[in-house]
Amino acid sequence: MRKELYRIEVPKDKSFDSTIPLLLEGYRFIANRRRKLRSDIFQTRIKGEKVICMSGPEAAKIFYDETRFVRKNAPPVRVIKTLFGKKAVQTLDDTPHVHRKQLFMSLFTEKNINVLKEITRSEWLHLIDRWEKMDKVILFEEAKKVMCKVACRWLEVPLKQSELEIRADDLWALVDSFGAVGFRHWRGRVARKKCNLWMENLVKQVRANKLHIDDDSLFYQMITYKELDGKLLNEKVVAVEVINILRPIVAISLYIVFGALALYTYPQTKEKLASGDDEYVRMFTQEVRRLYPFTPYVGARVRRPFIWDGHHFQRNDLVLLDIFGMNHDERIWEKPSEFMPERFKNFTAYKYVFIPQGGGDKTADHRCAGETVTIAVMEETFSFLLKEISYDVPNQNCQYSMSRIPPKIKSGFIIQNVHKKAKELSELH
């Protein structure tokens, strides 16, 4: 009875169902209603189901409290069948999640990340001669292939040059299907089947000693990883988890074109990057991740009833945490619509404030384990674009829609007249 005295009704979106508004408003859906209702928490309905939307650092702390929330049955079936894959680490909870997460964390060591940086740099440098001969380079299309090759080289997943483009396109289709309906969604479903079949066949061949790979390779470590019961991971699950490394690296293609757009749109940052050190590259990378749209929101379900800030959460309630809205909240960021890498100088609030790929602890919680991978690849790529080549940016349509999840720059970001910078000039910078 005393608990009821502190009950505060969650503000409600008056729409009968917000499925269509969600599709139309995309990244701004939660923030639009948060401002309208003047609340960091509100209730709506999506596909007929009650959904609680939250925003802000305090909401993030609650959202990533594993005693209050679970991820099982939180992602829509359409997302599991495209983006994540069945029985992926993102859908697990408690001890099984922690155990599976350790597989990923064991791969993302400092030594392995340094190898990834070297591979990323070498793959970009390898393109210069070809780019110099091209009338125009569509950066997004090139980035997809480079990221696919980087990912496969890093894990040591066998990849023929003849299949590079199709694998890159399929892996991107998994990402592109996240917020999609219609053709894009079904393209993602087809791509998921193709990717799973590709990877399952490789796993089977390795386990049957028909395909030899280095015992020290990251791919081999994944193939030989054991479940809590001591048995090898099911080959279908191994395939899903390998793809859950390849896919996010290919997804970095989107960040790459946004970074190139930032270099073009904000020339003052280009000058600072050229004259600065690795610290400014890091700040630039983080600001690209903050400003431009990538992850719109993340979902979880209530583990057991609880009260937070006077609001009652019922078991199995679906809750969405607004990632994009937090990255553009004027209460958190000074001039949030402006590109200001300097805001990340001495910045430390990464656990629940700046969470472009999810929050919490990356070791035990559901924070993206590959965040370090994303940052490393982005930093190497931006250093390449700035220090290794010169290029022109012709007039083009660089617009992108905030209702499309994920977004897509219409032109793909075109560059022309690519030339390798003189070694002594590159070293000067």
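A quick note: this is a predicted structure, and the numbers were derived from the prediction, not measured.

In strand 9 (residues 389–392), alternate side chains face the same way, and those of Ile389 and Tyr391 are buried while those of Ser390 and Asp392 on the opposite face are not. The pairing of strand 9 with strand 10 (residues 414–420) spans three bridges and is antiparallel. Across the sheet, Asp392 pairs through a bridge with Gln416, a residue of strand 10.

A separate point is the confidence of the model for the chain. Summing up the model confidence of the chain, the mean pLDDT is 90 and the portion of residues at 70 or higher is 94%. Throughout residues 1–5 the model reports pLDDT below 50, and contacts reaching past four residues in sequence, or to other chains, amount to three contacts. Predicted confidence for residues 424–429 stays below pLDDT 50, and this span has five contacts to residues more than four positions away or in other chains.

Okay, the pattern of salt bridges next. Evaluated as defined, the whole model comprises 32 salt bridges. Notably, a salt bridge pairs Glu58 with Lys61, separated by 3.5 Å at the nearest N-O pair. Of the two residues, Glu58 and Lys61 both sit in helix 4 (residues 57–63), three residues apart, roughly one turn of that helix. Residue Glu58 is classed as partly exposed on the basis of its relative accessible area, which comes to 47%. With a relative accessible area of 41%, Lys61 lands in the partly exposed category. In this structure, the salt-bridge partner of Glu141 is Lys144, at a minimum N-O distance of 3.2 Å. With Glu141 and Lys144 both in helix 8 (residues 139–155), this residue pair falls three residues apart, about one helical turn. Since its relative accessible area comes to 34%, Glu141 is described here as partly exposed.

Each pair of packed helices can be summarised by the angle the axes make with each other and by the distance between the axes. Running from amino to carboxyl end, helix 6 (residues 94–107) crosses helix 12 (residues 235–265) at an angle of 45°, the nearest separation of the two axes being 12 Å. It follows from the interaxial angle that helix 6 and helix 12 lie oblique. Crossing angle aside, the handedness with which helix 6 passes helix 12 is right-handed. Counted together, Arg100, Phe104 and Leu107 of helix 6 and Val237, Glu241 and Ile245 of helix 12 form the full contact between these two elements. When its residues are assigned to classes, the contact of helix 6 with helix 12 shows four nonpolar, no polar and two charged.

As a further point, take helix 6. Taking 1.5 Å of rise per residue, the 14 residues of helix 6 would be expected to cover 20 Å, and the 21 Å separating its terminal C-alpha atoms lies within 8% of that figure. The inward-facing, buried residues of helix 6 abut helix 7 (110–132), helix 8, helix 11 (218–223) and helix 12.

The biggest cluster of nonpolar side chains holds 97 residues, and the ones touching the most others in it are Trp131, Trp154, Met199, Phe219 and Val288. Considering every element that reaches this core, the biggest residue donor is helix 12, with 20 residues. Excluding anything up to four places from it in sequence, Met199 contacts Val157, Phe219, Ala239, Val242, Ile243 and Leu246. Among the nonpolar cores identified, the runner-up in size contains 21 residues, and Ala300, Leu321, Ile323 and Tyr352 belong to it.

Once that is clear, we can look at the packing of aromatic side chains. Overall, the coordinates contain 31 aromatic pairs when judged by the stated rule. Pairing Tyr266 with Phe339 gives two aromatic rings, centres 4.9 Å apart and planes at 10°, and the pair type is stacked. Linking Tyr266 in the loop between helix 12 and helix 13 (267–275) with Phe339 in the loop between helix 15 (323–327) and helix 16 (371–387), this pair joins segments that are 73 residues apart in sequence. Judged by relative accessible area, which is 6%, Phe339 ranks as buried. By the ring-pair criterion, three or more aromatic residues cluster together here, those being Phe258, Tyr266, Phe284, Tyr292, Phe339, Phe382 and Tyr400. The ring of Tyr391 has Lys270 sitting right over it, with the charged end atom 5.5 Å from the ring centre.

With that settled, consider the sheet that holds strand 4 (residues 137–138). Strand order in this open sheet of three strands is 4-10-9, and the pairing throughout is antiparallel. Of all strands in the sheet, those bounded by a partner on one side alone are strand 4 and strand 9.

Time to look at a nonpolar patch on the surface. A cluster of nonpolar residues, Ile20, Leu23, Leu24 and Val181, forms a patch on the protein surface that exposes about 390 Å² of accessible area. Examined against the element boundaries, Val181 turns out to sit in the loop between helix 9 (164–176) and helix 10 (183–207). Judged by its relative accessible area of 51%, Val181 falls in the exposed class.

The omega torsion of the bond from Ile405 to Pro406 falls at -5°, within 30 degrees of zero and hence cis. Its location among the elements puts Pro406 in the loop between strand 9 and strand 10. Phi angles above zero are rare outside glycine, and Asn209 is one such case at about 60°. Relative to the helices and strands, Asn209 resides in the loop between helix 10 and helix 11. The class of Asn209 is exposed, set by a relative accessible area of 72%. Although it is not a glycine, Asn417 sits at a positive phi angle of roughly 50°. Mapped onto the fold, Asn417 is located in strand 10.

What follows deals with the sheet that holds strand 8 (residues 318–322). A sheet is described by the order of its strands in space; here five strands give the open sequence 1-2-8-5-3, paired in mixed fashion. Strands at the two margins of the open sheet, each flanked by one partner only, are strand 1 (41–46) and strand 3 (69–70). Relative to strand 2 (residues 49–54), strand 1 runs antiparallel, the two sharing six bridges. Within the sheet, the bridge partner assigned to Gln43 lies in strand 2 and is Ile52. Each of strand 1, strand 2, strand 5 (297–302) and strand 8 touches helix 3 (residues 29–37); the most contacted strand, strand 1, lies at about 130° to it.

Quick notes on the rules
- Residues numbered from 1 in each chain as written.
- Predicted model: local features only at pLDDT ≥ 70, side-chain atom pairs only at ≥ 80, totals over all residues.
- Heavy atoms only, no water.
- Buried < 20%, exposed > 50% of the residue type's maximum accessible area, 1.4 Å probe, protein only.
- Helix = DSSP H or I, 4+ residues; strand = E, 2+ residues; numbered from the N terminus.
- Pairing = 2+ DSSP bridges.
- pLDDT = per-residue confidence, 0-100.
- Contact = heavy atoms within 4.5 Å.
- Salt bridge = Lys/Arg side-chain N within 4 Å of Asp/Glu carboxyl O.
- Axes fitted to C-alpha atoms, helices over the stretch in contact; angles between N-to-C directions.
- Parallel < 35°, antiparallel > 145°, perpendicular 65-115°, else oblique.
- Left-handed = near helix turned anticlockwise from the far one by under 90°.
- Nonpolar A, V, L, I, M, F, W, Y, C, P; charged D, E, K, R; others polar.
- Expected span 1.5 Å × (residues − 1).
- Core = buried A, V, L, I, M, F, W, Y, C linked by side-chain atoms within 4.5 Å.
- Phe/Tyr/Trp six-rings, centres within 6.5 Å; stacked < 30°, edge-to-face > 60°.
- Lys NZ or Arg CZ within 6 Å of the ring centre and 35° of its normal.
- Patch = residues over 30% accessible without salt bridge, like charges linked within 9 Å, V, L, I, M, F, W, Y side chains within 5 Å.
- Areas by Shrake-Rupley, 256 points an atom, 1.4 Å probe, with all protein chains shown as cover.

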